[in-house]
Every structure is written in structure tokens, then in C-alpha cells.
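Listed below, chain by chain, are the residues.
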Amino acid sequence: MCVRPRAGLSVREVIVEFGVQGKNSKKRRFVMRVLSTAFVVASLLLVGMLGAERTEVTIYDIQYTTDPSGTSPLLGDTVVTYGIVTGIFGNSFFIEERPGGAWHGIYVYRGYQSSPAVSEGDSVRVEGIVAEYYNLTEISTSYYGEVEILASGLSLPDTTEISVAQMWNEQYEGMLARINTVHFVETGTFSGNHSYHVVSSDGQDTGVVYVKTVTNIPGNPIPTGDVDIVGNMSQYSSHYEILPRKLEDIISSGNYPPVIDQHIRIPYTPAPGVDPY
């Protein structure tokens, strides 16, 4: 069982909502019951986790599944696995084992835990519980588990090139991917924690790009020309999506003159060999 405090009232918020209204003894008793219940539940979870058998497995063992739902065969198990950090989003991060590619990447959810601070290229040992969060397979260390850095400065597993159509595939979840020659449907400026849509060069397939607030992407203009996108493959409910890690992961596919009603905006310096007309 994995509990995640992403929604609903925390214990502190319950106290504020029901306790600060003051001197009503019934309300005070209710707050105490809430606190007692929370303590008992947390204690039972901790006892169960401490008594759980730890299984050393590969990321492939966790991710590979023939279940149409994509659910991990190790759901709920306490596992130990190893990988190289390929993308960091706040306290949580993605890891991938060599050689990389299908079924070899996974998300590590740490909640409010920030230690040890990891960097891309760190080789890590992760102990935690296999969970499914809105269909995203992950290892949760937020309530039980640990992350240990074994080495730093390593090269990342090979980035896997996939098409927009291939984005909608369970086997690529968690891995570092690249999709080439796509263009954004939306225009304007990127916002944080927001989904955007990209279309393949032939116009046949549409994929989702999710921009997280913790990156340096929000506030920058959405490209109007063709781009290549690098990022970690993720999933939310029935939607597969690519998460660029930084602005540099959105790469211009060419040098296109900005135009207004077919007229070139000045100043504009075309790239060598590019016909601006």
C-alpha cells in the first residue's frame, strides 16, 4: 500500500479547520480522534513496511508487463534496484539502466524528501515500494525507502528516438526519449504544470508534452517552427506524455524566418545556406 499526500487535508489543515474555531470541546475531541487515527494508520504502515521482504530486481523486472492496463507485476512489493539518473523534477527523478530503451526506465517519487540531492549522471541504489500513480509505474520512497548515490558523473544511457505514434506505448514509460520534427499546436508562452500538444511532420499523429513548473521552461515562448524534443516519458491516467527537463530539451529543427502576413520581420539574419524567401 502506498499513500501519497497530494490531495485532501493534511493533519495540520484538519487542526486549523476544526480546531482553531476555539473552545468547543466536541471539536477538540474530534481533532484528537483524527490525530490518533492518523498515528495508528502511520504506525501500522511503518510496521508492515519494516517487516516487508526486500527483493533486488532490475528496472526491467518492475516495468515489463503483459497486462493491458500496464500495471507492474511487482505492484506493492518492496524492491531494491539500480539505475542512472536521467531527469530530475524537484525532489523526484527518473532512472534508467543500461542499455536503456523499452522497459528500462522508471520514476522515483520522493515526496518531500530531498536528501540526498541527486544529479543527472548519478548512479543510484533505490529501495522503495512499487506503486502505480494514475497508471504511472514508480518506486515510492516517500514513506519508506532510501536513495544511495554510488557514483557520479556517468554518461547517460542512450536516448531512444521514437515517433509521436510510439509515445502512446507502455514500454517507453520512464525512459529518456527523443521525438523529432514536430510542431506545437498551442502558441504564446509556456506555463508550468501544463500540457501542450505536438503534431508529427506528416500531420497524422498528436502527442502530449507536459511542462513542469520546476523546470526553467515556463515563461519562455512556445516555438512556432519544427522542433525536436528530448525528455522523460511519463503517464497520467490514459495519457502518455514526454517531460522535457529544461529549455534546452526543446531543440529547433531549423532556422525559420519569423513572419507577419508573409513579410519578413526585420532585423533577421538567415542561417548560412537558408533561403529566407
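Just so we're clear, the structure is a prediction, and the values are computed from it rather than from any experiment.

Peer 1: Mind showing me how you'd approach the overall build of the protein chain here?
Peer 2: In terms of regular secondary structure, the protein chain is built from 3 helices and 16 strands. Across the 277 residues that make up the protein chain, the buried fraction comes to 38%. Excluding contacts between residues fewer than 6 apart, the proportion of contacts in the protein chain whose partners are at least 24 apart in sequence is 61%. When the accessible surface of the protein chain is summed, it comes to about 14800 Å², and 54% of that surface belongs to carbon and sulfur atoms.

Peer 1: What is the right way to read the pattern of salt bridges from this model?
Peer 2: Side-chain pairs of opposite charge can arise whenever the charged atoms involved come near each other. Inspection of the entire model under this criterion finds 6 salt bridges. Of the charged contacts, one joins R245 and E120 as a salt bridge, the two residues approaching to 3.4 Å between their closest N and O atoms. Pair noted here: R245 is in the loop between strand 13 (239-243) and strand 14 (250-252) and E120 is in the loop between strand 4 (105-109) and strand 5 (123-133), with a separation of 125 residues, a long-range link. Assessed through its relative accessible area of 34%, E120 is described here as partly exposed. Relative accessible area serves as the criterion here: at 12%, R245 is assigned to the buried category. Taken together, the salt bridges that share partners define one network made up of E120, R245, K246 and D249.

Peer 1: Is there a simple way to think about unusual backbone geometry in this case?
Peer 2: For residues other than glycine, phi is negative in most cases, and the peptide bonds are mostly trans. Along the chain, R98 connects to P99 via a cis peptide bond; the corresponding omega equals 10°. Looking at the element boundaries, P99 is found in the loop between strand 3 (92-96) and strand 4. The omega angle of the peptide bond from S115 to P116 is 0°, so this bond is cis rather than trans. Mapped onto the secondary structure, P116 falls in the loop between strand 4 and strand 5. Phi at W103 is positive, roughly 70°, even though this residue is not glycine. Turning to its location among the elements, W103 is positioned in the loop between strand 3 and strand 4.

Peer 1: Mind showing me how you'd approach the confidence of the model for the protein chain here?
Peer 2: Detailed reading of the predicted model is not advised wherever pLDDT is low. Per-chain confidence: the protein chain averages 81 in pLDDT, with 73% of residues scoring 70 or above. Counting contacts from residues 1-45, a segment whose pLDDT is below 50, to residues more than four positions away or on other chains yields 33 contacts. Here residues 255-271 scores under 50 on pLDDT; set against residues more than four positions off or in separate chains, the count is 19 contacts.

Peer 1: Please explain the packing of aromatic side chains as it appears in this structure.
Peer 2: Here the distance between the centres and the angle between the planes together describe a pair of aromatic rings. Considering all chains together, one arrives at 9 aromatic pairs under this definition. Between the aromatic rings of Y133 and Y134, the centroid separation amounts to 4.9 Å while the plane-to-plane angle is 85°, which identifies the pairing as edge-to-face. By way of ring pairs, the aromatic residues Y60, Y64 and W103 are connected into one cluster.

Peer 1: Explanation requested: the side chain of S234 in the structure shown.
Peer 2: Within the fold, S234 resides in strand 12 (residues 227-236). We classify S234 as buried; its relative accessible area is 5%. In this structure S234 touches F94, L136, H239, Y240, E241 and L243, once residues within four positions along its chain are discounted.

Peer 1: Just to check I follow, could you spell out the pairing of strand 6 (residues 136-140) for this structure?
Peer 2: Each regular strand displays side chains that alternate between the two surfaces of the sheet. Among the 5 residues of strand 6, 5 are classified as buried, and the element is accordingly described as predominantly covered. A two-sided burial pattern is seen for strand 6, the buried positions comprising L136, E138 and S140 on one face and T137 and I139 on the other. In this structure, strand 4 lies alongside strand 6, joined through 3 bridges in parallel fashion. For Y109, the partnering residue across the bridge sits in strand 6 and is S140. What sits between strand 5 and strand 6 in their antiparallel hairpin is a turn of 2 residues, with Y134 showing a positive phi close to 50°.

Peer 1: Could you clarify how one ought to interpret the environment of D202 in this entry?
Peer 2: With respect to the element layout, D202 can be found in the loop between strand 10 (194-200) and strand 11 (206-211). Spatially, the C-alpha atoms of D202 and T181 are 9.5 Å apart, while their sequence positions differ by 21 residues. In this structure the side chain of D202 is engaged in a polar contact, spanning 2.9 Å, whose partner is the backbone nitrogen of Q204.

Peer 1: Explain the environment of V164 here, please?
Peer 2: You can see V164 is positioned in the loop between strand 8 (160-161) and strand 9 (176-184). According to the relative accessible area criterion, V164 is buried, its value standing at 4%. Residues within four places of V164 in sequence aside, it is in contact with V182, V198, S200, D205, T206 and G207.

Peer 1: Got a minute to help me understand the nonpolar core in this structure?
Peer 2: Across soluble globular proteins, nonpolar side chains have a tendency to be buried as a group. Grouped together as the largest cluster of nonpolar side chains are 21 residues, with contacts concentrated most on I162, I179, F184, F190, I229 and M233. When contributions to this core are tallied by element, the ones reaching two or more residues are strand 9, strand 10, strand 11 and strand 12. In contact with I229, not counting residues within four places along its chain, are A177, R178, I179, V182, F184, V198, V209, I242, P244 and D249. V57, V85, I106 and I139 belong to the second largest nonpolar core, which has 16 residues in total.

What counts and how
- Residues numbered from 1 in each chain as written.
- Predicted model: local features only at pLDDT ≥ 70, side-chain atom pairs only at ≥ 80, totals over all residues.
- Heavy atoms only, no water.
- Helix = DSSP H or I, 4+ residues; strand = E, 2+ residues; numbered from the N terminus.
- Buried < 20%, exposed > 50% of the residue type's maximum accessible area, 1.4 Å probe, protein only.
- Contact = heavy atoms within 4.5 Å.
- Areas by Shrake-Rupley, 256 points an atom, 1.4 Å probe, with all protein chains shown as cover.
- Salt bridge = Lys/Arg side-chain N within 4 Å of Asp/Glu carboxyl O.
- pLDDT = per-residue confidence, 0-100.
- Phe/Tyr/Trp six-rings, centres within 6.5 Å; stacked < 30°, edge-to-face > 60°.
- Pairing = 2+ DSSP bridges.
- Polar contact = N/O pair within 3.5 Å; in protein donor to acceptor, adjacent residues only side chain to side chain.
- Core = buried A, V, L, I, M, F, W, Y, C linked by side-chain atoms within 4.5 Å.

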